[in-house]
Amino acid sequence: MIADQLPALQIVIPMLAAPLCVLAKRPLACWVIALVANVLVVITAWSMFLQVRSDGVIRYELGGWAAPTGIEYYVDMMNATMLLLVSFISCVVLVYAYKSVNKSVITAKHYLFYAAWMLCLTGLLGMCITGDAFNVFVFLEISSLSMYMLIAFGNDKRALTASFRYLIMGSIGASFILIGIGFLYAATGALNMVDLAQRIPDAESERAVLVAFSFLTIGLMIKSAVFPLHGWLANAYQHSPIAVTAFLAGTATKVSLYVLLRFFFSIFGPNYSFGAMLLNVVLLPAAVAGFVLLSLVAIFQTDLRRMLAYSSVAQIGYIIAAFCLASQSGLTAGIVHIINHGIIKTALFMSVGCILYRVGHTHSPSLDNLFHKMPLTCIAFILSGLGLIGVPLTVGFVSKFSLISASMERGWWMVGALVLLSSLFAILYIGRVVEIMLFRKARNPVPVPIGRSEAPLMMLIPMYVLIGVSIWFGVSGSTTLAVASEAAAALLGGYQ
Amino acid sequence: MNPLWTLVPPLLVIPFIIYFGERRRNLREASIIVAGLALLGINDRIYSSVLSGQVVESGELSILANFSLRLSAEPMGVLFGLLASFLWIVTTVYSIGYMRGHDEKNQTRFYCCFALAIACVMGAAYADNLLTLFVAYEAITLSTFPLVTHAGNDASRKAGRLYLLLLMCGSIGLFLPAVIWIATAAGTLDFVAGGILADAGLSKGAVGILLALCVFGVGKAAVMPMHRWLPAAMVAPTPVSALLHAVAVVKTGVFTILKVVTYTFGIDMISTTGVASYILPFVAFTVVASSLIAFTKDNLKARLAYSTISQLSYIVMAALLATTMSVTGGALHIVMHAFGKITLFFCAGAIMVSLHKTQISDLDGMGRRMPITMICFFIGALGIIGLPPASGVWSKLLIAGGSLEAGNAIWIGVLMLSTLLNIAYLLPIPLRAFFKPPKEPQPEGWTEAPFPSLWAITVTATACVLLFFFPQPLINLLGLIQWR
């Protein structure tokens, strides 16, 4: 019985947890409520994932209303994977957040923080699960509004401007998406994605569809922070509470990338998007410039969070470049990198959070000899940093190997070469920090205090859980590659 | 015997090293020696199974959709594994004397990283496919990084930066694209007798570019211009320079090239397409130029480092000549050079510990204070030069023969020129130690290195001589290589 209602539960549980948090008000109680809800969400996502993997697509009519009238949830391998990824990362970071938030957010506002977190999770999961184009926008707004709030919780005044800047950019992006969906509705009279996918081929030369396509492209590029529309991301990541950064880095942009995939591959179809509309002519240069330039920019950052933020934009570039290949192997590489990068970047931000917790700043040149003070945190940073570089046996290697061989298959040698070039930049920006942590003697005005003081276990354990997962996915990359390849097949195969 | 066992002793000993730590350092070092003996035993078992023609391989771990990690034993790998495990024991004994005599800090970390590096070397030696070899190759770079930067001062940090940058940039920027290219073209990365690229339909130019990517991308082989890291890495403690930067790490580089030439390209493909003739001049240049640079170095370890670069290029040259004789000679030279060069480095370290001298010009008359060390240095130098009664002569003969077989005698000229240069920059060191009067009055009597170090030096020097008289087992083993 309950197994049939899983798609609804996926959304309803976190959505109900939010008002409960507001009612409970006491920080610990709110955290427990949020955590329990999140664990349930992970279980739901996991069982749906298994179900989809064995039995195929789940179609769920919300409230019993059939598709054109009501909203349909549509779960195939692609979004089952996304649901699992998002809920898992959120759950791990939520465990981690308790200590970190205690230190950085005023106690009186904790209940709002957890409520916003739950709403944001609801929005992200909703964007993944829904099969209705307008519903995507609704959930996008839920997640965005709560995200602006979460970012503004940062204890730095700059968090407010960062949040406001994101609000402006995010609203532009969201309205573009809304306009796009509106035009699609005008041209086809459908909002359900399956219907849209059927009707667009008849209307594909209509001006409304062309306009919709362009609005959606720009809107989604803003939301997923594709270079050069990534301006909001660095400030938002740097100034929001670190737990929020870790959460967003692993989920928010990834979900937008998923929506982009859904629109361009399932609804418009790869032949239309990448064939007739020449999407790769627009996206590929942006993606390649993104991963080369922003890896380069990351080298010169002195704030760890900002450095990782730029690195995130670069990684999004890899993913977009992989999408542009529009082939089975390219999509597989892109999806596997969504998973892999989500995990390592979250782990990296968590380790930076541990540093912030004990040292009080993330100014990398002042982290001399941090290794002697926080060895476990530094090891975590190094391990996930190696993953970012793409050293063999880490997840980064699996992603980059797939991406490069997919682009060679297509004959895009330059892309492969530039991916490698940007990996070399990654060696530089990670290596620079590691060198300071390991070797440099204190000589800065604000040196790290002497003596061993590791971050609390409540922060270390979730971080190492993620690193364990990343090592597992790195050593047996065929597991994630198999999932990603099924997801890619689901996307390329279109709606059944 | 499953080759995975070779990873067990060096990895298993790490917790013991950490547990015993600085407080019970005798136990710590004893545990490493036990692990070393166990590893040697395992390698010996593998050796005898390979001799008797059994298939020695492990299960596989699939890290990418079509490619997996897998270990298996083949003659070159067995030889390399035996070499590294034997010298690990000797070097550990040597380190006991050296590290304590030199009051090095963080010895526990040192031994841990050392054991880790040895485990990675085993992975490289028994790699069954190019992916495994690549993974082990990268792991060696990372695990030896803390050893290079061991001293923690500015010089070692700079050296570490150069080390990581050149090796990683080479491997990720050049070698990895080659690996991926091979994977896309051939659909497999396995090491197969006769190579996998014959049917891949690559043009001659593509084969040439691939080969160049491999030769220059494998920075550990130190072919110019990728050689700069090696002299810089000499800031590491001498046991590291001795085992890693004369044997394990650099030999992994040339070993990789030998394996790629034999089992990925196949020697026939290289000799029929003739692409190697575009790369050989670079290698020959390295042989001669680094010998010349070695001349100018007054620092003993720096001179030895440049000598290593030149000797490594012999092996690369042997690989690129791509005849059965030259590749056999190259593989043999891995062993022969290893014993000679490790002896020289051990001696350099002993001199540093006992006399606190690092410059060659300060060694006048020191033969009287360290006669055993200096005699061993002499033997090691003979081994490197390739003069009887020391080991290097056989491998040089084979490489020279291979050059004739390949129909190009010019490379013999390069070898001989470099041999002459070897004589000129190595032999004066023991000669001036024995025959020149000391610059300052010296105290009477011997000041040899601590006993463990002295033992290690004599073992490797003796091995140099023994290998001259009994090279046959090694040649027999290499005779089992399947070329086609």
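Quick caveat: nothing in here was measured; it's all calculated off a predicted structure.

A. Structural context of the overall build of chain A. Assigned secondary structure in chain A consists of 20 helices and two strands. Over its C-alpha atoms chain A spans a radius of gyration of 21 Å, differing by no more than 12% from the 23 Å that the globule rule assigns to 496 residues. Referenced to the eigenvectors of the C-alpha coordinate spread, the extents of chain A come out at roughly 70 × 55 × 40 Å. Sorting the 496 residues of chain A into buried and exposed places 61% on the buried side. Contacts in chain A between residues at least 24 apart in sequence constitute 80% of all its contacts with a sequence separation of at least 6.

B. Region of the structure containing the overall build of chain B. A tally of regular secondary structure across chain B gives 19 helices and two strands. Here the C-alpha radius of gyration of chain B, 21 Å, is about what a compact globule of 484 residues would show, namely 23 Å. If one aligns the C-alpha atoms of chain B with their principal axes, the spans along those axes are about 70 × 50 × 45 Å. Each of the 484 residues in chain B was classed as buried or not, and the buried ones make up 63%.

C. Broad picture of the environment of Met325(B). All names here are of chain B. With respect to the helices, strands and loops of the structure, Met 325 is situated in helix H13 (residues 324-355). Residue class for Met 325 comes out partly exposed when judged on the 19 C-beta atoms lying within 10 Å of it. Along the backbone, Met 325 and Ala 406 are 81 residues apart, and their C-alpha atoms lie at a distance of 9.4 Å. Excluding its chain neighbours within four sequence positions, the residues that come into contact with Met 325 are Leu 398, Gly 401, Gly 402 and Glu 405.

D. Layout of the confidence of the model for chain B. Residue and element names in this part refer to chain B. Summary statistics for chain B give a mean pLDDT of 86 and a share of 100% for residues scoring 70 or more. Of all secondary-structure elements in chain B, the lowest mean pLDDT belongs to strand S1 (residues 57-62), at 80, while helix H12 (residues 300-321) reaches the highest, 90. For this predicted complex, the interface score ipTM comes out at 0.79, while the overall pTM is 0.87.

E. Geometry of the packing of helix H11 (residues 276-296) of chain B against helix H16 (residues 410-426) of chain B. Residue and element names in this part refer to chain B. One way to put it is that H11 packs onto H16 with a least axis distance of 9 Å and a crossing angle of 15 degrees. Here H11 is positioned roughly parallel relative to H16, judged by the angle of their axes. Judged by the sense of rotation from one axis to the other, the crossing of H11 with H16 is left-handed. Together, Leu 280, Ala 284, Val 287, Val 288, Ser 291, Leu 292, Ala 294 and Phe 295 of H11 and Trp 411, Val 414, Leu 417, Ser 418, Leu 421, Asn 422, Ala 424 and Tyr 425 of H16 make up the contact between the two elements. Residues that form the contact of H11 with H16 fall into these classes: 13 nonpolar, three polar and no charged.

F. Focus on the packing of H12(B) against H13(B). All names here are of chain B. For the pair H12 and H13, interaxial distance at closest approach is 8 Å and the crossing angle is 175 degrees. When the axis of H12 is compared with that of H13, the two are roughly antiparallel. Note on element contacts: H13 touches H12 through Ser 326, Val 327, Gly 329, Gly 330, His 333, Ile 334, His 337, Lys 341, Leu 344, Phe 345 and Ala 348, opposite Leu 300, Lys 301, Leu 304, Thr 308, Gln 311, Tyr 314, Ile 315, Ala 318, Ala 319 and Leu 321. Class assignment of the residues belonging to the contact of H12 with H13 gives a composition of 12 nonpolar, seven polar and two charged.

G. Looking closely at unusual backbone geometry. Residues and elements named next belong to chain A. Of the consecutive residues Phe 227 and Pro 228, the connecting peptide bond is found in the cis state with omega at 0 degrees. Within the secondary structure, Pro 228 sits in the loop between helix H8 (207-223) and helix H9 (231-239). In this model, Ala 225 sits at a positive phi of 60 degrees, which is unusual for a non-glycine residue. Within the secondary structure, Ala 225 is located in the loop between H8 and H9. The class for Ala 225 is buried, based on 26 C-beta atoms found within 10 Å.

H. Up close: the environment of Glu435(A). Within the secondary structure layout, Glu435(A) lies in helix H18 (residues 413-439). Along the sequence, Glu435(A) and Leu376(A) sit 59 residues apart, while their C-alpha atoms lie 16 Å from each other.

I. View of the interface of chain B and chain A. Contacts between the two partners involve 24 residues from chain B and, on the opposite side, 22 residues from chain A. If you list the elements that add at least two residues to the side of chain B that touches chain A, you get S1, helix H5 (130-148) and helix H6 (154-186) of chain B. Looking at the side of chain B that touches chain A, the element that brings in the most residues is H6(B), giving 13 residues. Looking at side-chain class alone, the side of chain B that touches chain A contains 16 nonpolar, five polar and three charged residues.

J. Looking closely at helix H5 (residues 133-152) of chain A. Helix length check: H5(A) (20 residues) gives 29 Å between terminal C-alpha atoms against 28 Å at 1.5 Å per residue, within 8%. Most of H5(A) is tucked away: 15 of the 20 residues are buried.

K. Looking closely at the nonpolar core. Ranked by internal contacts, the top residues of the largest apolar core, which has 408 residues, are Ala34(A), Met118(A), Ala115(B), Val179(B), Ile257(B), Val316(B) and Met317(B). Other than its neighbours up to four places away in sequence, Val179(B) contacts Leu130(B), Leu131(B), Phe134(B) and Leu189(B).

L. Inspection of the pairing of strand S2 (residues 72-75) of chain A at higher detail. Residue and element names in this part refer to chain A. What you see with S2 is no split at all: Glu 72 and Tyr 74 on one side and Tyr 73 and Val 75 on the other are buried throughout. With four bridges joining them, strand S1 (residues 58-61) and S2 adopt antiparallel strand pairing. In the sheet register, Arg 59 faces S2, and the bridge partner there is Tyr 74.

M. A look at the confidence of the model for chain A. Summing up the model confidence of chain A, the mean pLDDT is 88 and the portion of residues at 70 or higher is 97%. Highest mean pLDDT in chain A belongs to helix H4 (residues 110-129) of chain A (93); lowest belongs to helix H15 (residues 370-373) of chain A (82).

N. Structural detail: helix H20 (residues 477-493) of chain A. All names here are of chain A. Compared with an ideal rise of 1.5 Å per residue, which puts 17 residues at 24 Å, H20 spans 24 Å between its outermost C-alpha atoms and is within 8% of the ideal. When we look at burial in H20, the residues that qualify are Gly 477, Thr 480, Leu 481, Val 483, Ala 484, Ser 485, Ala 487, Ala 488, Ala 490 and Leu 491. Tucked into the core, H20 has its buried residues touching helix H3 (77-104), helix H10 (242-267), helix H14 (328-359), helix H17 (395-410) and helix H19 (457-475). Downstream of H20 by a residue or two, Gly 494 has a phi angle that is positive, lying close to 75 degrees.

Procedures and definitions
Residues numbered from 1 in each chain as written. Chains lettered and ligands numbered in written order. Predicted model: local features only at pLDDT ≥ 70, side-chain atom pairs only at ≥ 80, totals over all residues. Helix = DSSP H or I, 4+ residues; strand = E, 2+ residues; numbered from the N terminus. Rg over C-alpha atoms; globule rule 2.2 N^0.38 Å. Buried ≥ 20, exposed ≤ 12 C-beta atoms within 10 Å, placed from the backbone. Contact = placed C-beta atoms within 7 Å. pLDDT = per-residue confidence, 0-100. Axes fitted to C-alpha atoms, helices over the stretch in contact; angles between N-to-C directions. Parallel < 35°, antiparallel > 145°, perpendicular 65-115°, else oblique. Left-handed = near helix turned anticlockwise from the far one by under 90°. Nonpolar A, V, L, I, M, F, W, Y, C, P; charged D, E, K, R; others polar. Expected span 1.5 Å × (residues − 1). Core = buried A, V, L, I, M, F, W, Y, C linked by C-beta atoms within 7 Å. Pairing = 2+ DSSP bridges.

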